[in-house]
Amino acid sequence: MKVHHTKTRSMVRKAYATVATKAVSCCSGSSCCGPAPAASEGELGLSCGNPVGFSKIKKGMTVLDLGSGAGKDVFIAAPLAGPKGRVIGVDMTPEMLKLAKDNLLKFSKRTGLQNVEFRKGLIEELPVKDCEADLIISNCVVNLSPDKPAVFREAFRALKPGGVMVVSDIVLNRELPPALKKHAGLYAACVAGALQRKDYLGAIKAAGFKGIKLLADKAYRAGGTCSDPITDKAGKALDGAASSITVYARK
Ligand SMILES: C[S@@+](CC[C@H](N)C(=O)[O-])C[C@H]1O[C@@H](n2cnc3c(N)ncnc32)[C@H](O)[C@@H]1O
């Protein structure tokens, strides 16, 4: 594994460990992706779209959430998949997994469902068998990966033939100034690591996916997200630079 990949992951892991343990907004202490509204289990939502809302989850499906965080989308998907279905969340940050597992206890008590599992792992090396999932979702995570093409190859491997992937994520509409590209806070805030839109869609296609289409496409306010002196100063340079998109693709 490349050294810079390890470094990037540990910077991202540290940022999200802080968010998970302090259960703070993204702006307190470390930058992270998206706002943090409380959902039904009190879990953090660090999202930039609504992949579950765009997915036609049916009873009995196996759903895999890449970078499940505190479990927000997992807990929305699980009642839709029902007791005969399964929802698996994968995340690399132990503190996030702890939060997700605490939330799972409350979720199971509230719903009586036992169809959710959280696994520790990298989205570039998914801890699932080939063709295990009917549906893959992900919400504001792939941009944080140091190897996005590997994530989409893994998603393709993990999907059953005919299976669907619905990903919400940040993409760039133009190049960022070099100082911002290297800015760790802006990376953890889901902007500096984002791919150009055509490269993102190209990586999905190169992994083998078909029927690729945009389900949502909105401007993402990248500048001044966290009263950070660098991003604040760069506010103008970042205006219109990023979008939050939701992409559909099929195996
Ligand atoms: C912005 S949060 C999104 C969490 C969740 N999807 C949501 O919408 O609330 C990003 C999450 O992805 C995880 N993550 C980032 N890079 C990852 C990687 N390479 N492998 C596994 N998990 C990763 C982080 O630990 C964090 O929990």
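Residues numbered from 1 in each chain as written. Predicted model: local features only at pLDDT ≥ 70, side-chain atom pairs only at ≥ 80, totals over all residues.

1. Remarks on the pairing of strand 3 (residues 116–120)
Across a regular strand the side chains alternate sides, sitting on one face of the sheet and then on the other. When strand 2 (residues 86–91) meets strand 3, the two strands line up parallel, connected through five bridges. Bridge pairing links Val 90 to Arg 119 in strand 3. In the classification by handedness, the crossover that spans strand 2, the intervening helix 3 (residues 94–111) and the parallel strand 3 is right-handed. (Pairing = 2+ DSSP bridges. Helix = DSSP H or I, 4+ residues; strand = E, 2+ residues; numbered from the N terminus. Right-handed = clockwise from strand over helix to strand, strands pointing away.)

2. Some details on the site of the ligand
Every one of the 26 residues lining the ligand counts as a neighbour, but Cys 33, Ser 47, Gly 67, Gly 69 and Thr 93 are closest to it. Per-element tally for the shell around the ligand: the top contributor is helix 1 (residues 3–22), with three residues. Class assignment of the residues belonging to the shell around the ligand gives a composition of twelve nonpolar, nine polar and five charged. (Near = placed C-beta within 6 Å. Nonpolar A, V, L, I, M, F, W, Y, C, P; charged D, E, K, R; others polar.)

3. Observations concerning the sheet that holds strand 2
Strand order in the open sheet formed by seven strands is 3-2-1-4-5-7-6, and the pairing between neighbours is mixed. Of all the strands in the sheet, just strand 3 and strand 6 (210–220) have a single pairing partner and so form its edges. Neighbouring strand axes in the sheet, compared pairwise and without regard to direction, differ in orientation by 15° on average. This element, helix 4 (residues 148–158), spans strand 1 (62–66), strand 4 (133–139) and strand 5 (159–172) of the sheet and lies at about 155° to strand 5. (Axes fitted to C-alpha atoms, helices over the stretch in contact; angles between N-to-C directions. Contact = placed C-beta atoms within 7 Å.)

4. Notes on the packing of helix 1 against helix 3
Relative to each other, helix 1 and helix 3 sit at 35°, their axes nearing to 7 Å. The two elements helix 1 and helix 3 cross, and the hand of that crossing is left-handed. Facing helix 1, whose interface residues are Tyr 16, Ala 17, Ala 20 and Thr 21, helix 3 presents Glu 95, Met 96 and Leu 99. Residues of the contact of helix 1 with helix 3, tallied by class, amount to five nonpolar, one polar and one charged. (Left-handed = near helix turned anticlockwise from the far one by under 90°.)

5. Here's the deal with the pairing of strand 1
Most of strand 1 sits inside the fold, with five of its five residues counted as buried. Here strand 1 runs beside strand 2; their pairing, made up of five bridges, is parallel. Directly across from Asp 65, in strand 2, lies its bridge partner Gly 89. For the crossover that starts at strand 1, traverses helix 2 (residues 72–81) and ends in the parallel strand 2, the hand is right-handed. (Buried ≥ 20, exposed ≤ 12 C-beta atoms within 10 Å, placed from the backbone.)

6. Digging into unusual backbone geometry
Of note in this structure, Cys 131 is not a glycine but carries a positive phi near 55°. Its location among the elements puts Cys 131 in the loop between strand 3 and strand 4. The phi dihedral of Cys 190 is positive, around 75°, even though this residue is not glycine. As for its placement among the helices and strands, Cys 190 is situated in the loop between helix 6 (184–188) and helix 7 (197–206). Overall, the presence of 29 C-beta atoms within 10 Å leaves Cys 190 in the buried class.

7. Some thoughts on the nonpolar core
Within the largest apolar cluster, 77 residues are counted, with the highest numbers of intra-cluster contacts made by Val 63, Ala 77, Ile 136, Ala 155, Met 165, Ile 170 and Cys 190. Here this core gets eight residues from one element, more than from any other, and that element is strand 5. Apart from the residues lying within four places of it in its own chain, the contact partners of Val 63 are Ile 57, Ala 77, Ala 81, Val 87, Ala 133, Asp 134, Leu 135 and Ile 137. (Core = buried A, V, L, I, M, F, W, Y, C linked by C-beta atoms within 7 Å.)

8. Some details on helix 2
Along helix 2, eight of the ten residues are buried, which leaves the element largely enclosed by surrounding structure. For helix 2, the complete set of buried residues consists of Lys 72, Asp 73, Val 74, Phe 75, Ile 76, Ala 77, Ala 78 and Ala 81. Next to the buried residues of helix 2 lie strand 1, strand 2, helix 3, strand 3 and strand 4. Where helix 2 terminates, the next one or two residues include Gly 82, which has phi positive at roughly 75°.

9. As for the environment of Tyr 16
Residue placement: Tyr 16 occurs in helix 1. Spatially, the C-alpha atoms of Tyr 16 and Pro 94 are 9.5 Å apart, while their sequence positions differ by 78 residues.

10. A few points about the packing of helix 4 against helix 7
Contact pair helix 4 / helix 7: the axes reach a minimum separation of 8 Å and the direction vectors enclose 40°. As judged from the angle between their axes, helix 4 and helix 7 are oblique. For the pair helix 4 and helix 7, the sense of crossing is right-handed. On helix 7, the residues that touch Lys 148, Pro 149 and Phe 152 of helix 4 are Ala 203, Ile 204 and Ala 206. (Parallel < 35°, antiparallel > 145°, perpendicular 65-115°, else oblique.)

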